[in-house]
Amino acid sequence: EAGVTQFPSHSVIEKGQTVTLRCDPISGHDNLYWYRRVMGKEIKFLLHFVKESKQDESGMPNNRFLAERTGGTYSTLKVQPAELEDSGVYFCASSQFSLAGDRDTQYFGPGTRLTVL
Amino acid sequence: AQTVTQSQPEMSVQEAETVTLSCTYDTSESDYYLFWYKQPPSRQMILVIRQEAYKQQNATENRFSVNFQKAAKSFSLKISDSQLGDAAMYFCAYRSAFDEYGNKLVFGAGTILRVKS
């Protein structure tokens, strides 16, 4: 079974440009999460999809970030326009269920390292 | 809001010896889940062990075990018979058991574990 995949693995862009990150969850996982780790700090939650619906977007930093999950499969996270403080590693995770004991384990992708110059 | 603190930025252990990684958390909730995730260099994060707060028995997974002290809000990870493959960044994480708080994980800043041969 394929794990969570993310593309690209690295992205270097100039301040003011746009970047789109993609996440493909494990097949059959309705729950998809985005997290971000800024250098040396905690991994912070950004948002949670259940299928194509945003269940919780309380961690989205501002309106420069737009997440979509059309059709309830893969998700994209667009940053427009990018700022220096957006640099970090963006992780995606998926789970089959939410709040369902052992069946709600979140499986993480390898992350996308974003550098904004 | 819940917080998770990992006070050891880096730890070292000799191969075959035992090491304990510390984690404390702050919450006003009575029921929750605690996790240890491992991220090897350039690889994705994987779940090491999970503890449910209502269970008094400490979770174990092969060489990995936890010391869960609910009153002290402490959740340390013990790795026995350390192996070179245990070298990684270890993250402690918290998740509420209540649906209204969502399914997001709250992470600590991580501890880098180095294993010496």
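Structure shown above.
A. Main features of the sheet that holds strand β3 (residues 19–24) of chain A. Residues and elements named next belong to chain A. With antiparallel pairing, the four strands of this open sheet are ordered in space as β1-β3-β8-β7. What marks the edges here is a single partner per strand, and that holds for β1 (5–7) and β7 (65–68). Strand-to-strand twist of the sheet, defined as the mean angle between neighbouring strand axes without regard to direction, takes the value 15°. In this sheet, strand β8 (residues 75–79) lies alongside β3 in antiparallel orientation, the contact comprising five bridges. Within the sheet, the bridge partner assigned to Thr 20 lies in β8 and is Lys 78.

B. View of the pairing of strand β9 (residues 88–95) of chain A. All names here are of chain A. Counted residue by residue, β9 has eight buried out of eight residues, so it is predominantly covered. Sheet topology places strand β4 (residues 31–37) next to β9; seven bridges connect them, and they run antiparallel. Across the sheet, the residue bridging to Tyr 35 is Phe 91, located in β9. Here three bridges tie β9 to strand β11 (residues 112–116), and the two strands are oriented antiparallel to one another. Paired with Tyr 90 across the strands is Thr 112, a residue of β11. The pairing of β9 with strand β10 (residues 107–108) spans two bridges and is classified as antiparallel.

C. Fine view of the pattern of salt bridges. Under the counting rule described, the total for this entry stands at nine salt bridges over all chains. The partner of Asp 26 of chain B in a salt bridge is Lys 73 of chain B, and the shortest N-O contact between them spans 3.7 Å. Within this pair, whereas Asp 26 of chain B is found in strand β4 (residues 24–26), its partner Lys 73 of chain B is found in the loop between β8 (64–69) and β9 (74–79), the two being separated by 47 residues in sequence. Several salt bridges converge on common partners, so that one network encompasses Arg 36, Arg 64 and Asp 86 of chain A.

D. Just the state of the cysteines, in detail. Within this structure, the stated rule accounts for two disulfides over all chains. Cys 23 of chain A shares a disulfide with Cys 92 of chain A; S-S distance 1.8 Å. On the sign convention where negative means left-handed, the S-S torsion of about -60° between Cys 23 of chain A and Cys 92 of chain A marks this disulfide as left-handed. Here the residue Cys 23 of chain A occupies a position in strand β3, and Cys 92 of chain A occupies one in strand β9, the gap between them amounting to 69 residues. The burial state of Cys 23 of chain A is the same as that of Cys 92 of chain A; both residues are buried. Disulfide pairing places Cys 23 of chain B opposite Cys 92 of chain B at an S-S distance of 2.0 Å.

E. Region of the structure containing the nonpolar core. Tyr 25, Trp 36, Phe 75, Leu 77, Tyr 90 and Leu 113 of chain B are the most contacted members of the largest nonpolar core, which totals 26 residues. Within the residue set of this core, elements represented by two or more residues are β3 (19–21), β5 (32–39), β6 (46–52), β8, β9, β10 (88–96) and β12 (111–116) of chain B. The biggest single contributor to this core is β10 of chain B, with four residues. Setting aside residues no more than four positions away along its own chain, Tyr 25 of chain B makes contact with Thr 3, Val 4, Tyr 32, Leu 34, Phe 68, Gln 69, Lys 70, Lys 73, Ser 74, Phe 75 and Tyr 94 of chain B. Of all hydrophobic cores here, the second largest spans 21 residues; its members include Val 4, Leu 46, Val 79 and Val 116 of chain A.

Scoring rules and cut-offs
- Residues numbered from 1 in each chain as written.
- Chains lettered and ligands numbered in written order.
- Predicted model: local features only at pLDDT ≥ 70, side-chain atom pairs only at ≥ 80, totals over all residues.
- Heavy atoms only, no water.
- Pairing = 2+ DSSP bridges.
- Helix = DSSP H or I, 4+ residues; strand = E, 2+ residues; numbered from the N terminus.
- Axes fitted to C-alpha atoms, helices over the stretch in contact; angles between N-to-C directions.
- Buried < 20%, exposed > 50% of the residue type's maximum accessible area, 1.4 Å probe, protein only.
- Salt bridge = Lys/Arg side-chain N within 4 Å of Asp/Glu carboxyl O.
- Disulfide = S-S within 2.5 Å.
- Core = buried A, V, L, I, M, F, W, Y, C linked by side-chain atoms within 4.5 Å.
- Contact = heavy atoms within 4.5 Å.

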